[in-house]
Amino acid sequence: MGCGRVGATLARGLERRGHTVSVIDQDADAFRRLGPEFHGKTVKGVGFDRRVLVAAGIKHADGFAAVSSGDNSNILAARVVRETYGISNVVTRIYDQGRAEVYERLGIPAVATVRWASDQVLRRLLPEGSEPQWRDPSGMVRLIQLSAHEGWVGRRITAIEASIRARIPFLTRFGQGMVPAEATMLQDGDILYVAVSNEDVPRIEGLLAEPPLPQ
């Protein structure tokens, strides 16, 4: 729902990946953003109107994204889709960060536009910080991006996991992502992605910011 710049980009991206896409917007002119190569369905109307949702194929949908410019419309549409049509794979764009956090706790993943933008800036200003790359809907678990102290270089990723008592599901090396194998060792410049509970963030930040303890 929503065919602004975000919605149009999302629709084209999903279609390129082989998905069948329907786009809802109140303004028929907005569908021009989809471009001539878009072959999905377009439906003019309000995204929380059940007749509009049915026309868009909601009864057979695997997911729903509410990315219009209105928080209230996005929230209402997300709730209708979840509660009326039983679709759990719903994502909502919300400008109000406080509202986004409330809906995440209710199990509706929300992208708070202001928070997302500020997080992206922080990751670039503070490359060694641990701004979360991902949070689970409950807000209790996160995936953080960290650079380790040079003293950790040359250690196996499995040994680092044991030392910090946390999982490192993947890392980036020279701009390329990789899932560490048993023998993978940390190299200078690697960025670690660590899965942690919220209360463990300060402990893990502190451990990786310092050289490892002598073995």
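Here the structure is shown first, and the text comes after it.
Source: prediction; values computed, not measured.

## Comments concerning helix α1 (residues 5-16)
For an α-helix, the turn length of 3.6 residues means that residues three or four places apart are oriented alike.
Consideration 1: Between its first and last C-alpha atoms α1 spans 17 Å; for twelve residues at 1.5 Å apiece the expected length is 16 Å, and the two agree.
Consideration 2: Of the positions making up α1, those classed as buried are Gly7, Ala8, Ala11 and Gly13.
Consideration 3: Considering only its buried residues, α1 is in contact with β1 (22-25).
Consideration 4: One or two residues past the end of α1 sits Gly18, with phi positive at roughly 95°.

## Focus on the packing of aromatic side chains
Consideration 1: Taken as a whole and judged by the stated rule, the model has one aromatic pair.
Consideration 2: Their ring planes at 15° and their centres at 4.4 Å tell us that Phe170 and Tyr193 sit as a pair that is stacked. Here the residue Phe170 occupies a position in strand β8 (residues 167-173), and Tyr193 occupies one in strand β10 (residues 191-197), the gap between them amounting to 23 residues.
Consideration 3: What makes Phe170 partly exposed here is its relative accessible area of 28%.
Consideration 4: Residue Tyr193 is classed as buried on the basis of its relative accessible area of 11%.

## A short note on the pattern of salt bridges
Consideration 1: If you walk through the whole model with that rule in mind, you get six salt bridges.
Consideration 2: Of the charged contacts, one joins Arg167 and Glu161 as a salt bridge, the two residues approaching to 3.4 Å between their closest N and O atoms.
Consideration 3: Two residues, Asp190 and Arg173, come together in a salt bridge whose shortest N-O distance is 2.7 Å. Of this pair, Asp190 sits in the loop between β9 (176-178) and β10 while Arg173 sits in strand β8; the two residues are 17 residues apart in sequence, bridging distant segments of the chain. Here Asp190 matches Arg173 in class, with each residue buried.

## Examining the pairing of β8
Regular strands place side chains that alternate from one sheet face to the opposite one.
Consideration 1: Note: β8 against β10, four bridges, orientation antiparallel. Pairing of Arg167 across the sheet is with Ala195, part of β10.
Consideration 2: In terms of strand pairing, β8 meets β9 through three bridges, oriented antiparallel. Considered in β9, the bridge of Arg173 is made with Gln176.
Consideration 3: Where β8 hands over to β9, the hairpin turn is made up of two residues, of which Phe174 adopts a positive phi near 55°.

## Structural notes on the nonpolar core
Consideration 1: Counting 16 residues, the largest nonpolar core has Ile160, Ile164, Leu192, Val194, Ile204 and Leu208 as its most contacted members.
Consideration 2: Where this core is concerned, the elements lending two or more residues are β7 (141-146), α6 (157-164), β8, β10 and α7 (201-209).
Consideration 3: Each residue touching Ile160, except ones within four places of it in the same chain, is listed here: Trp152, Arg155, Ile168, Leu186 and Leu208.
Consideration 4: Val52, Leu53, Phe64 and Ala78 belong to the second-largest nonpolar core, a separate cluster that totals 15 residues.

## Quick notes on α7
Consideration 1: Restricting attention to buried positions, one finds in α7 the residues Val201, Ile204 and Leu208. All buried residues of α7 project into a common sector of 70° when viewed along the axis, lining one side.
Consideration 2: In the core, the buried residues of α7 are packed alongside β7, α6 and β10.

## Describing a nonpolar patch on the surface
Consideration 1: Among the surface-exposed residues, Trp134, Met140 and Val141 lie close enough to one another that they form a single nonpolar patch of about 300 Å² accessible area.
Consideration 2: Tracing the chain through its elements places Val141 in strand β7.
Consideration 3: Relative accessible area serves as the criterion here: at 35%, Val141 is assigned to the partly exposed category.

## So, the packing of α6 against α7
Consideration 1: Between α6 and α7, the least distance of the axes is 10 Å, while the angle of their chain directions is 130°. Considering the angle they form, α6 stands oblique to α7. α6 and α7 meet at a crossing whose hand is right-handed. Along the contact surface, α6 presents Ile160, Ser163 and Ile164, while α7 presents Arg203, Ile204, Leu207 and Leu208.

## With respect to the side chain of Arg142
Consideration 1: Note that Arg142 resides in strand β7.
Consideration 2: A residue is classified by how much of its surface remains accessible, and Arg142, at 18% relative accessible area, is buried.
Consideration 3: A distance of 2.9 Å separates the side chain of Arg142 from the side chain of Asn198, its partner in a polar contact.

Parameters at a glance
Residues numbered from 1 in each chain as written. Predicted model: local features only at pLDDT ≥ 70, side-chain atom pairs only at ≥ 80, totals over all residues. Heavy atoms only, no water. Helix = DSSP H or I, 4+ residues; strand = E, 2+ residues; numbered from the N terminus. Expected span 1.5 Å × (residues − 1). Buried < 20%, exposed > 50% of the residue type's maximum accessible area, 1.4 Å probe, protein only. Contact = heavy atoms within 4.5 Å. Phe/Tyr/Trp six-rings, centres within 6.5 Å; stacked < 30°, edge-to-face > 60°. Salt bridge = Lys/Arg side-chain N within 4 Å of Asp/Glu carboxyl O. Pairing = 2+ DSSP bridges. Core = buried A, V, L, I, M, F, W, Y, C linked by side-chain atoms within 4.5 Å. Arc of directions from axis to C-beta. Patch = residues over 30% accessible without salt bridge, like charges linked within 9 Å, V, L, I, M, F, W, Y side chains within 5 Å. Areas by Shrake-Rupley, 256 points an atom, 1.4 Å probe, with all protein chains shown as cover. Axes fitted to C-alpha atoms, helices over the stretch in contact; angles between N-to-C directions. Parallel < 35°, antiparallel > 145°, perpendicular 65-115°, else oblique. Left-handed = near helix turned anticlockwise from the far one by under 90°. Polar contact = N/O pair within 3.5 Å; in protein donor to acceptor, adjacent residues only side chain to side chain.

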